[in-house]
Amino acid sequence: MQFRLIAINYTMIHNVVNESNNVNTMTQDVELGITGSVTQADLAPLRDSARLGEFAVVYRVERMHQGGGYGDSGKHPLAWAVAVYVDNQLCRVYNARGAGREWNSIDKLGSWLREQGFWYWWTRNDLEPIGQAIAEEEESSHEQPSPAFIDPPFSPF
């Protein structure tokens, strides 16, 4: 019995290590489970072939690109990046020149995700401190605590 394997691979594995301000983006990719990359142009064919997951993951990264009116990386050191599921593997969205896509405005990123056909996405921010808000006095001590959020489920397609 002979088997013939035909594979169309829209993902590329990247091994670029960018280190600055004590953040190693390759380490961050490993922590998030990112295993490859796709370009924006790959998204429509992947969706048509039912290989693209239903949701995206938006996460905070240290900015590598200058531009968009936010050229001072000292004032705006962080940006937003997107990862999508391709064949149940998490892949970061890269531009045609091989660099990770970055957005300074999460509102503009949301519009871009809608244009790409995503109805919903998970947002994650591991780089900025949490718990810095000043708590207001609780009016009622009988309130139930809010439920914990879980990691996004895997999509078969």
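Residues numbered from 1 in each chain as written. Predicted model: local features only at pLDDT ≥ 70, side-chain atom pairs only at ≥ 80, totals over all residues. Heavy atoms only, no water.

1. Some details on the overall build of the protein chain
Stage number 1. When helices and strands are tallied, the protein chain shows 3 helices and 7 strands.
Stage number 2. Looking at the 157 residues of the protein chain, the share that counts as buried comes to 33%.
Stage number 3. Within the protein chain, contacts between residues separated by at least 24 positions form 68% of all contacts whose residues are at least 6 apart in sequence.
Stage number 4. A total accessible area of about 11200 Å² is found for the protein chain, and carbon and sulfur atoms account for 53% of it. (Helix = DSSP H or I, 4+ residues; strand = E, 2+ residues; numbered from the N terminus. Buried < 20%, exposed > 50% of the residue type's maximum accessible area, 1.4 Å probe, protein only. Contact = heavy atoms within 4.5 Å. Areas by Shrake-Rupley, 256 points an atom, 1.4 Å probe, with all protein chains shown as cover.)

2. Focus on the confidence of the model for the protein chain
Stage number 1. Chain-level statistics for the protein chain give a pLDDT mean of 76 and a share of 61% at 70 or above.
Stage number 2. In the model, residues 1-23 has pLDDT below 50 throughout and makes 36 contacts with residues more than four positions away in sequence or in other chains. (pLDDT = per-residue confidence, 0-100.)

3. Observations concerning the packing of aromatic side chains
Stage number 1. Following the criterion strictly, the structure yields 3 aromatic pairs and no others.
Stage number 2. Geometrically, the ring pair formed by Phe55 and Tyr120 is stacked, given 6.1 Å between the ring centres and 20° between the ring planes. Pair noted here: Phe55 is in strand β4 (residues 52-62) and Tyr120 is in the loop between α3 (106-115) and β7 (121-124), with a separation of 65 residues, a long-range link.
Stage number 3. Look at Tyr120 and you get partly exposed, because its relative accessible area is 42%.
Stage number 4. Counting every residue linked through ring pairs, the aromatic cluster contains Phe55, Tyr85 and Tyr120.
Stage number 5. Directly above the ring of Phe118 sits Arg47, whose terminal nitrogen or CZ lies 4.8 Å from the centroid.
Stage number 6. The ring of Tyr94 is capped by Arg92, whose NZ or CZ atom sits 5.6 Å from the centre of that ring. (Phe/Tyr/Trp six-rings, centres within 6.5 Å; stacked < 30°, edge-to-face > 60°. Lys NZ or Arg CZ within 6 Å of the ring centre and 35° of its normal.)

4. Notes on the nonpolar core
Stage number 1. Within the largest apolar cluster, 17 residues are counted, with the highest numbers of intra-cluster contacts made by Val38, Val82, Val84, Leu109, Trp112 and Leu113.
Stage number 2. Sorting the residues of this core by element identifies α2 (40-48), β4, β5 (78-86), β6 (89-94) and α3 as the ones contributing at least two each.
Stage number 3. Per-element tally for this core: the top contributor is β5, with 4 residues.
Stage number 4. Residue contacts for Val84: discarding those within four places in its chain leaves Val38, Leu43, Leu52, Ala56, Gln89, Leu90, Cys91, Val93 and Phe118.
Stage number 5. Within the second largest apolar cluster, 11 residues are counted, among which are Ile34, Phe55, Val61 and Leu90. (Core = buried A, V, L, I, M, F, W, Y, C linked by side-chain atoms within 4.5 Å.)

5. What to know about the sheet that holds β4
Stage number 1. If you trace the 5 strands from one edge of the open sheet to the other, you get β3-β6-β5-β4-β7, paired in mixed fashion. The sheet is open, and its two borders are formed by β3 (34-39) and β7, each paired with just one other strand. Averaged over all adjacent pairs, the angle separating strand axes in this sheet is 35°, with direction ignored.
Stage number 2. In terms of strand pairing, β4 meets β5 through 8 bridges, oriented antiparallel. Looking at β5, one finds that Ala56 is bridged to Val84.
Stage number 3. Against the sheet, α2 makes contact with β3, β4, β5 and β6, and its axis sits at roughly 95° relative to β3, the strand it touches most. (Pairing = 2+ DSSP bridges. Axes fitted to C-alpha atoms, helices over the stretch in contact; angles between N-to-C directions.)

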